[in-house]
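The chain contents come next:
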Amino acid sequence: VTVVVLSLAHEVISLHHFEGSYRNEVVRIMNPVDMDRRYEIEYWGASYKQGLDWLAENAELNSEVCVPVAGLLISWYEPRPDLMFNCSRQTSYVMFFTRYSELKQTTFDQMKPIFTIERMGASLLKIYKIR
């Protein structure tokens, strides 16, 4: 019992701040690749907070960031003042959490993200540099 409890505690700690994205060992063994494309993994705001932190440290000045999936969630956090959030031809970065059922575009499958948050074999958030 102690081993099971410690094992579960280790998994929850390794997921922190994304406990809502937890999938047990059996599910992970049965779905070793692209689990984020098979299940809608819930973690919402914490991933955007870390994405905004990454943009604050790394984005070019006065960049436009497109957030095509649940973009309203970024309003919960204070972004860097010079960043603009809009999806247009001037977009420099695209940031989204990997809820593929809501993301209609698949053009990003051919691109390599410049920043990714992953937990237990599943991508939770990706940022792409567009231009």
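Report follows, based on the coordinates. Within each chain, residue numbers correspond to sequence positions counted from 1 in written order. Per-residue local features are limited, in this predicted model, to residues with pLDDT of at least 70; the limit for side-chain atom pairs, both in listing and counting, is 80 or more; totals at the level of whole chains, interfaces and linings are taken over all residues. Processing note: side-chain calculations cover all non-hydrogen atoms of the structure and skip hydrogens and water entirely.

This brings us to the overall build of the protein chain. Helical segments are the DSSP runs of H or I of at least four residues, strand segments are the runs of E of at least two, and each set is numbered from the N terminus. Looking only at helices and strands, one finds four helices and five strands in the protein chain. Along the protein chain, helices (α) and strands (β) appear in the sequence α-α-α-α-β-β-β-β-β when read from the amino end. The burial tally for the protein chain puts 39% of its 131 residues in the buried class. By sequence separation, contacts in the protein chain at least 24 residues apart represent 63% of the contacts at least 6 residues apart. In the structure as shown, the protein chain presents an accessible area of about 7,900 Å², 57% of it carried by carbon and sulfur atoms. Residue burial is assigned from relative accessible area. The probe radius is 1.4 Å, only protein chains are included, and a residue is buried under 20% of its type maximum, exposed over 50%, and partly exposed in between. Contact definition: two residues touch when any of their heavy atoms are within 4.5 Å. Where accessible areas are quoted, they stem from the Shrake-Rupley method and a 1.4 Å probe; at the residue level, only the protein chains shown are allowed to cover.

Once that is clear, we can look at the pattern of salt bridges. Salt bridge, as used here: a side-chain nitrogen of Lys or Arg that lies within 4 Å of a carboxyl oxygen of Asp or Glu. Within this structure, the stated rule accounts for three salt bridges. For K129, the salt bridge is made with E60, and the minimal N-O distance between the two is 3.5 Å. Of this pair, K129 sits in strand β5 (residues 122-129) while E60 sits in the loop between α4 (45-58) and β1 (64-66); the two residues are 69 residues apart in sequence, bridging distant segments of the chain. R80 is the salt-bridge partner of D82, the closest N and O atoms lying 2.6 Å from each other. Here D82 falls in the buried class, since its relative accessible area comes to 17%. On the accessibility criterion, R80 (16% relative accessible area) is buried.

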